[in-house]
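# Results of the structural survey
So you can see what is in the structure, the chains are spelled out below.
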Amino acid sequence: MPTLIIVAVVVVPLALFVIGIYNALVGLRNQVDNAWSQIDVQLKRRHDLIPNIVETAKGYMQHERGTFEAITKARSEAMGAKSVSEASKAEGMLGEALSKFLLVVENYPDLKANQNFLAVQEELASTENRISFARQSYNDQVLFFNNKIQMFPSNIVANTFSFSKRDFFGVENAAEREVPKVSFTNN
Amino acid sequence: MWELIRANKRNSIILMVLMAAVLLVLGYIIGAAFAGQDAGFIGLIVATAIWFILAIVSLSSGDQILLRTSKAVEVTHADHPQLFNIVEEMKIAAGLPAMPKVYIIPDPAPNAFATGRSPQSASVAVTAGLLGRLNRDELQGVIAHEMSHILHRDILYVTIAGIMLGSIVLISQVFLRSMFYSSMGSRRRYSSGGKGAGQGQLIMLAIAILAAILAPIMAQLLYFALSRKREYLADAGAARLTRYPEGLASALEKIAGDASPQLAAANQVTAPMYIVNPFKKADAMQLSDLTSTHPPISERIKILRSMGSGVSFKDYSDSFTQVTHRKTIVPPAALTKEDIALRQAGEEARDKQRRETQMRQVGDIMRQVNLFVFLTCLCGLKLKIPPNFKSDKVQCPRCKRILDLYPPAPI
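Residues numbered from 1 in each chain as written. Chains lettered and ligands numbered in written order. Predicted model: local features only at pLDDT ≥ 70, side-chain atom pairs only at ≥ 80, totals over all residues.

Take the overall build of chain A next. Across its full length, chain A carries seven helices and zero strands. Mapped from its N terminus to its C terminus, chain A presents α and β elements in the order α-α-α-α-α-α-α. Here chain A has a C-alpha radius of gyration of 24 Å; the compact-globule value for 187 residues is 16 Å, and the former is much larger. For chain A, the spread of C-alpha atoms along the principal axes amounts to about 90 × 30 × 25 Å. (Helix = DSSP H or I, 4+ residues; strand = E, 2+ residues; numbered from the N terminus. Rg over C-alpha atoms; globule rule 2.2 N^0.38 Å.)

In structure tokens:
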């Protein structure tokens, strides 16, 4: 009889407590994974957009072949990247090429007045924002997840079931960390 | 961020319990005053029933009612790419599980609101006037503010608190009015009869009248305090989501300095839902009063602008105490150290011409969602034809060409 009481008073609440923390941790880990996949979704969106931009701008910018080549090359490298480090390097290059392109656009007032180009430009601006917001959201999730894993009492559960810390999204050099600043003088 | 949401939940529950207690006590006292001490619990049940019915109605279809009364029109990416993109950017930044519906309100007064019970089924509405005045960064700040309301579950709590306020006001009004009329006829005292209807009943009556006068005022003050605090926190959330407090600050400045007439569809109940108080009559003195749903705009702008180099909740909280000299409104759990830097502004020309084209575009969007037909004549003139135009041919006013309203589809 006393053992039954001990089970009821100590073991059951403890088990419920551990189950609760475990489930919360799994939920958080899934959120982190989901945030990571969001970044990929937005990078894919950027890749899909590039042929559009090149097509729209090409006719107006005959003398900027080098800029277009840099963009197309970086895009195909990014799409063909095998490892994470390769991908992040290629994406960085692509970002740089795009921001260079947007600087050059300033010299072509005809292009800037083209309705189709304005539409594509808005999509590009939004895509670059989405990429940086997706990274930001991923880092927020990772911070919260890592805190949970390291803090008492959830750290005990995390250690028992071997939840491991996640890495923040960081880029090696500072220039790559800066998502290309997309800014337009018109609308 | 998640600490804040949890603290929010806790505070809101405490507040709701407080308001529910006011409601139940009021119901009991009024019941007892009407029909003797024993009938107190009947009043209690009536009060609960009123609250329950109002709650079911406004929680099941409150967002639809709000959107419909403000004549909001749902738009897609095709109607206004920039607005739609910005909402989606903020959805990503906030990590919301679903994309909110986007609405435009055809009103020249610049304002915006968010509605919906949960982050899964939320809506964001902005007025045409807002779209016409703000640049991309500013619009992003406003949308981020609304997104923070959704993320913090503010809409649910404000709605529930609003329902309780409504029930309390309703019950008190009914009681006071019936008291007024029955004392005119002076028949009530006999009909309530019974042997207990002596001094005890009279005292109960006095207490009930006092409660019926005080309870709505107390509930209202609680409600306003809740609403103001939510606005500050949504501002803090917006700064954190966009990493750019100046966007929202400058948007608020533009909205405050706007001269167009006040929003037609707003009323006392829906006021807390908007980003700024839709009522213009209130002057600066009244705005800082206890009886305002929104903090003074100038104060909100000042806090956002003195945030310095970081955009975490801690930075907002520090700036808040520095500007207002009051205790911070951010729950302590959310004040963890976060190292989040500002981002840079997008450059945009703010010349007059751009504003004019922007205003014209907004007009076109409104016509498009209202089923106007657009025709471009060969002479370059753009014709905008309302949906109730009967004929299927129209003459161009400039070159007198006859245009087909519904040109045959190319083969």
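Moving on to the overall build of chain B. Scanning chain B from terminus to terminus reveals 13 helices and eight strands. Taken across its 411 residues, chain B has 41% of its residues classed as buried. Long-range contacts, defined here as pairs at least 24 residues apart, represent 66% of the contacts in chain B between residues at least 6 apart. (Buried ≥ 20, exposed ≤ 12 C-beta atoms within 10 Å, placed from the backbone. Contact = placed C-beta atoms within 7 Å.)

Formed by 103 residues in total, the largest nonpolar core has its most connected members in Leu26 and Met164 of chain B. Ranked by the residues each element gives to this core, the list is headed by helix H8 (residues 199-242) of chain B, at 16 residues. For Met164 of chain B, the contacting residues outside a window of four places in its chain are Met19, Ala20, Leu23, Trp51 and Ala219 of chain B. Counting 15 residues, the second largest nonpolar core, distinct from the first, contains Ala57, Ala74, Leu94 and Val105 of chain A. (Core = buried A, V, L, I, M, F, W, Y, C linked by C-beta atoms within 7 Å.)

Our focus in this paragraph is unusual backbone geometry. If a residue is not glycine, its phi is most likely negative; likewise, a peptide bond is most likely trans. The omega torsion of the bond from Phe152 of chain A to Pro153 of chain A falls at 0 degrees, within 30 degrees of zero and hence cis. Position of Pro153 of chain A relative to the elements: it lies in the loop between helix H5 (115-150) and helix H6 (154-160). The phi torsion at Lys71 of chain B lies on the positive side, around 55 degrees, for a residue other than glycine. Tracing the sequence through the fold places Lys71 of chain B in the loop between helix H2 (40-69) and strand S1 (73-74). Classification of Lys71 of chain B by C-beta neighbours within 10 Å gives partly exposed; the count is 13.

Okay, the environment of Val87 of chain B next. All names here are of chain B. With respect to the helices, strands and loops of the structure, Val87 is situated in helix H3 (residues 81-94). The exposure class assigned to Val87 is buried, which follows from the 24 C-beta atoms found within 10 Å. Separated by 56 residues in the primary sequence, Val87 and Ile143 have C-alpha atoms spaced 6.4 Å apart. Apart from the residues lying within four places of it in its own chain, the contact partners of Val87 are Pro100, Val102, Val124 and Ile143.

Detailed conclusions should not be drawn from predicted coordinates in areas where pLDDT is low. Residues and elements named next belong to chain A. Considering every residue of chain A, the mean pLDDT works out to 81; 90% of them sit at 70 or more. When mean pLDDT is compared element by element in chain A, helix H1 (residues 2-58) scores highest at 87, while helix H7 (residues 174-177) scores lowest at 45. A low-confidence stretch, residues 172-178 (pLDDT under 50), is modelled with three contacts involving residues beyond four sequence positions or located in other chains. (pLDDT = per-residue confidence, 0-100.)

Right, let's get into the sheet that holds strand S4 (residues 123-127) of chain B. All names here are of chain B. Overall, mixed pairing links the four strands, which are arranged S1-S2-S4-S3 in an open sheet. Single-partner strands in this sheet number two, and they are S1 and strand S3 (112-115). Two strands pair when backbone bridges link them, and strand S2 (residues 101-105) and S4 are joined in this way by five bridges, in the parallel orientation. The partner of Tyr103 across the bridge, within S4, is Ala125. In the packing of helix H5 (residues 136-151) onto the sheet, the strands contacted are S3 and S4, and the crossing angle to S3 comes to about 25 degrees. (Pairing = 2+ DSSP bridges. Axes fitted to C-alpha atoms, helices over the stretch in contact; angles between N-to-C directions.)

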